[in-house]
Amino acid sequence: MTNCANIAAADVLPTIAALRQEVAQLREAVQARDEFISVAAHELRNPLTPLLMTVQSMCRATERHAGTPEPIVSGLARMDRVVQHYVKRCDAMLDISRLSSGTFRVEWAETDIAGLLRGVVEGLKPYAERAGTAIDLAAPDTLAGTYDELAVQQIAENLVSNAVKYGAKTPVIVSLREEQDMVALDVRDGGIGISAADQARIFSPFERAVSRQQQPGFGLGLWVVGRLAAAMGGTVQVSSDLGQGSTFSVRLPRYRGAIPA
Ligand SMILES: Nc1ncnc2c1ncn2[C@@H]1O[C@H](COP(=O)(O)OP(=O)(O)O)[C@@H](O)[C@H]1O
Ligand SMILES: [Mg+2]
């Protein structure tokens, strides 16, 4: 009996040691990947500030000179939009790296969240039109609170663009309202829906309920949404049935009282 136990332990020990070594190597590989993403995001982001400033000052110069040929005016406006878009992507990449390394810091600011949401919805309308979808927003004219503006923007952009992407051309209904000392943001679509099993995993990084062939994506958007909402003391939930559409509900405290002077 004792012999058997000893033989079994002797057999297993090298396997455990090998597994330990493999886990350590995998940890190192994940850390190297995270560091690479962080460095790459910084490297891509850094030259963009002077580039954006140059494009914007050229845009202003063309406004001052009435005789600037139209192709130059419209070309510069397009460059301005493209560079701003690129800046946003780099910032989102930086946030992902900060969220995964735990170094993300909330930038509290007095914010009209209704105006902020209207801006996000307006910005996504051309994308929705191309996808054959309408976005409907029900929100008060203004709704004051303290939030991290970029975080709220990213949350709304991710949820609304998902609703367009997976909404199978059904209208996307976005609503914002006060609920006591919270603000409630709901994003609803009538699209492909999500099974109960998939609902349990889609908030984890790289988890998706569709294949890359069906819809491109990395499966990071909802993870970012969940992390950002939690960083502001809030929550995000989904309610959905396969083929019946989905509603994503974000709840955030309206006031955190943590604004630096
Ligand atoms: N509105 C939605 N309707 C149906 N499925 C959705 C919706 N939003 C998200 N999903 C599912 O959750 C997964 C994770 O979403 P997300 O993290 O935003 O990643 P991505 O959009 O890059 O796939 C998606 O791949 C999709 O399967
Ligand atoms: Mg997404």
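Residues numbered from 1 in each chain as written. Chains lettered and ligands numbered in written order. Predicted model: local features only at pLDDT ≥ 70, side-chain atom pairs only at ≥ 80, totals over all residues. Heavy atoms only, no water.

A closer look at helix H5 (residues 149-166)
Right, on to step 1. For H5, with 18 residues, the first-to-last C-alpha span of 26 Å sits near the 26 Å given by 1.5 Å per residue.
Right, on to step 2. Counted residue by residue, H5 has 13 buried out of 18 residues, so it is predominantly covered.
Right, on to step 3. The N-terminus of H5 is capped by Asp148, whose side-chain oxygen sits 3.2 Å from the backbone nitrogen of Leu150.
Right, on to step 4. Just downstream of H5 lies Ala168, where phi reads positive at about 50°. (Helix = DSSP H or I, 4+ residues; strand = E, 2+ residues; numbered from the N terminus. Expected span 1.5 Å × (residues − 1). Buried < 20%, exposed > 50% of the residue type's maximum accessible area, 1.4 Å probe, protein only. Polar contact = N/O pair within 3.5 Å; in protein donor to acceptor, adjacent residues only side chain to side chain.)

A closer look at the domain arrangement of the protein
Right, on to step 1. Domains assigned within the protein are domain 1 (2-101) and domain 2 (109-253).
Right, on to step 2. Using C-alpha coordinates to define each centre, domain 1 is positioned 22 Å away from domain 2.
Right, on to step 3. Domain 1 puts seven residues into the contact, and the matching count from domain 2 is eight residues.
Right, on to step 4. Buried area between domain 1 and domain 2, both sides added, is near 660 Å², and the carbon and sulfur share of it is 65%.
Right, on to step 5. Along the contact surface separating domain 1 from domain 2 lie one salt bridge.
Right, on to step 6. Of the charged contacts in the structure, one is a salt bridge between Glu157 and Lys88, with a shortest N-O distance of 3.0 Å.
Right, on to step 7. Counting across the domain 1 and domain 2 interface gives three residue pairs in polar contact (both at pLDDT 80 or more).
Right, on to step 8. Among the elements that take part in the side of domain 1 that touches domain 2, helix H3 (residues 70-101) stands out by supplying six residues, more than any other.
Right, on to step 9. Residues that form the side of domain 1 that touches domain 2 fall into these classes: three nonpolar, one polar and three charged. (Domains from an automatic or database assignment. Contact = heavy atoms within 4.5 Å. Buried area = accessible area lost by both parts, 1.4 Å probe. Salt bridge = Lys/Arg side-chain N within 4 Å of Asp/Glu carboxyl O. Nonpolar A, V, L, I, M, F, W, Y, C, P; charged D, E, K, R; others polar.)

Considerations on the site of ligand 1
Right, on to step 1. Lining the immediate environment of ligand 1, one finds 21 residues, of which Asn162, Tyr166, Arg208, Ala209 and Leu222 sit closest.
Right, on to step 2. Asp189 is positioned such that a nitrogen or oxygen atom in its side chain is 2.9 Å from a nitrogen atom of ligand 1.
Right, on to step 3. One of the backbone nitrogen or oxygen atoms of Gly219 is found 3.0 Å away from an oxygen atom of ligand 1.
Right, on to step 4. Considering ligand 1 on its own, with 530 Å² of exposed area, one finds that the protein chains cover 97% of that surface.
Right, on to step 5. Those elements giving two or more residues to the shell around ligand 1 turn out to be H5, helix H7 (221-231) and strand E7 (246-253).
Right, on to step 6. The element that contributes the greatest number of residues to the shell around ligand 1 is H5, accounting for four residues.
Right, on to step 7. Within the shell around ligand 1, the residues separate by chemical class into 11 nonpolar, six polar and four charged. (Near = heavy atom within 4 Å. Areas by Shrake-Rupley, 256 points an atom, 1.4 Å probe, with all protein chains shown as cover.)

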